[in-house]
Structures are given as C-alpha cells and as structure tokens.
Amino acid sequence: NAGVTQTPKFQVLKTGQSMTLQCAQDMNHNSMYWYRQDPGMGLRLIYYSASEGTTDKGEVPNGYNVSRLNKREFSLRLESAAPSQTSVYFCASSDPTGGYEQYFGPGTRLTVT
Amino acid sequence: GQQVMQIPQYQHVQEGEDFTTYCNSSTTLSNIQWYKQRPGGHPVFLIQLVKSGEVKKQKRLTFQFGEAKKNSSLHITATQTTDVGTYFCAGDRGSTLGRLYFGRGTQLTVWP
C-alpha cells in the first residue's frame, strides 16, 4: 500500500496563476482533508470531505476550492495564487471505524512569487 | 479562533533531560490524538486517548488525558536525539466527519 500520495512535491507559481494539488489514498478511507502548515501556526484545516461528493469548509478556506473526485482522490485548487498562499500543503485521510487517526501524505511545498 | 492551545511552542533540552508538552481545549473532547513530525517530514500518528484520566505509555513516552477530557500532556523521559521533531496534539470533538482540531505544536530540539 502506498498510503496517501500527493503531487507535485514542489511547485513555484507566479501571483495570479492557478494550479491543482492532487491527493490520492489507497486505504479505502471515507474522510479526506487538506491542511496548510506555516511556521509557528501548526496545521490549519482548509477543507475536508467526509465522503465522496461532500465537502466542508475548514478554518482557512478562502482562496481555495476542492473536489472529491471519487473515494480515492481529493484535489485542492488555487484559482488565482497569492504570496500569502506560500506554504506546505498536506493531504490526509482517515477511517471513522478505525478511530479517526489521520494518515498524512508527504506534502507539497508551494511558493508563490 | 484557536480551539486547542499547546505549550510551549519551542523546547530545547540536553540529551537525557525530560520533556513535556501540554495541550488544553476550550471544549470537552471525545478523544485526543498525538502526532510527531520529523524535520522536513509529515505528521505521523502516535496515539489516541479516549477515556477520562487515561494514561498510556510507549517506551519513554507517557501520554495523559485529563479527568475533564479538556487537557492532555505528553512526557518524554530521558530524551534522545531521535526524539527531535514537532509534537502535535489534536482534539476530536465527537463529529462523525472525523475533523480534528490541531494545536500549534511544540518543536523539540535535543542537544547531544
């Protein structure tokens, strides 16, 4: 099992450009999450999805959109990137029957210039 | 606002010294989880505490959940250089959606 995979690992964007971060899990988990991590700020939830076809806003959703394409995949889209979105982005998944412990992907380091 | 407070933000210790990080929630939690993130890595699940007053041990690590299920602590005895990283607590408020509320983490540095 690969667990949670994320692409790309690194990305540099110019202000105003758009991009989609991809996430996939092979553990048959229902719930998936997108976090951003900034120095000293911990992990802040952007969006999450409890099941295919449903998404909910987290703590910092502005400037982002998500798509739960199917049970395996959950993508995060930046429509018009801003320097404030420079961060490390983590995708995670969990299974309610397993106690909701979250499994994280390796992260995407995004720089917006 | 911050749902789960975690202190201290940074801790520097000499190898062999003990280390403790504390977590406090503004609301009662159904359970609390702890994660470790090595430098440059991703958070990795360590343990989950569910019961009021619960204490669990993993080798040199001791985890406690408060009686009111609002606070928790992680204590490491005789730190080693392999303990370096950031430790996060994450509170579960009982939602069926699996959402966790993460503290900001304690970054531990261990000097040899």
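Before reading further, recall that the structure is shown in the block above.
These lines cover the structure that appears in this document, whether it is placed above or below. Counting of residues starts from 1 at the beginning of each chain's written sequence and follows it residue by residue. The naming scheme follows written order: chains are lettered A onward, ligands numbered 1 onward. The predicted origin of the model limits local features to residues at a pLDDT of at least 70 and limits the giving and counting of side-chain atom pairs to 80 or more, whereas totals for whole chains, interfaces and linings rest on all residues. Think of the side-chain values as coming from all heavy atoms in the structure, minus any hydrogens and water.

1. Quick word on the side chain of B:Gln6
Residue and element names in this part refer to chain B. To be explicit about the condition: Helix numbers and strand numbers start at the N terminus; a helix is a DSSP run of H or I with at least 4 residues, a strand a run of E with at least 2. In protein, a polar contact requires one atom able to donate a hydrogen and another able to accept it; more generally it is a pair of N or O atoms within 3.5 Å, and residues adjacent in sequence count only if both atoms are side-chain atoms. We call two residues in contact when some of their heavy atoms are within 4.5 Å.
Of note, Gln 6 is situated in strand E1 (residues 4-7). Separated by 3.2 Å, the side chains of Gln 6 and Thr 21 make a polar contact. Here Tyr 87 takes part through its backbone oxygen, which lies 2.7 Å from a polar atom of the side chain of Gln 6. Residues contacting Gln 6, with those up to four places away along its chain left out, are Thr 21, Tyr 22, Cys 23, Trp 34, Tyr 87, Phe 88, Cys 89, Gly 103, Arg 104, Gly 105 and Thr 106.

2. Digging into the side chain of A:Gln102
By the secondary structure assignment, A:Gln102 is in the loop between strand E9 (87-94) and strand E10 (103-104). Within polar-contact distance, the side chain of A:Gln102 engages the side chain of A:Tyr35 at 2.7 Å.

3. What to know about unusual backbone geometry
A negative phi holds for most residues other than glycine; trans holds for most peptide bonds. Test applied: Burial classification: accessible surface area is computed with a 1.4 Å probe over protein chains only, and a residue below 20% of its type maximum counts as buried, one above 50% as exposed, and the rest as partly exposed.
Put simply, A:Thr7 and A:Pro8 share a cis peptide bond, and its omega is -5 degrees. Relative to the helices and strands, A:Pro8 is located in the loop between strand E1 (4-7) and strand E2 (10-13). A cis amide bond links B:Ile7 to the next residue, B:Pro8, at an omega of -5 degrees. Mapped onto the fold, B:Pro8 is located in the loop between E1 and strand E2 (10-14). In this structure, B:Lys59 is a non-glycine residue whose phi angle is positive, near 55 degrees. Along the polypeptide, B:Lys59 turns up in the loop between strand E6 (55-58) and strand E7 (61-65). Overall, B:Lys59 belongs to the exposed group, its relative accessible area being 85%. At B:Ala78, a residue that is not glycine, the phi angle is positive and equals roughly 50 degrees. Considering the arrangement of structural elements, one finds B:Ala78 in the loop between strand E8 (71-76) and strand E9 (85-92).

4. As for the state of the cysteines
As a reminder, the rule being used: To count as a disulfide, a pair of cysteine sulfur atoms needs to be within 2.5 Å.
On inspection of all chains with the given rule, the structure shows 2 disulfides over all chains. Here A:Cys23 connects covalently by a disulfide to A:Cys91, the sulfurs 1.8 Å from one another. As the torsion about the S-S bond is roughly -75 degrees, the A:Cys23-A:Cys91 disulfide counts as left-handed. Here A:Cys23, found in strand E3 (residues 19-25), pairs with A:Cys91, found in strand E9; they are 68 residues apart in sequence, far enough to count as distant. Comparing A:Cys23 with A:Cys91 shows no difference in burial state: the two are buried. Sulfur-sulfur distance for the disulfide between B:Cys23 and B:Cys89 comes to 1.6 Å. The disulfide joining B:Cys23 to B:Cys89 has a torsion of about 50 degrees about its S-S bond and is therefore right-handed. Of the two residues, B:Cys23 sits in strand E3 (residues 19-25) while B:Cys89 sits in strand E9, which places them 66 residues apart along the sequence.

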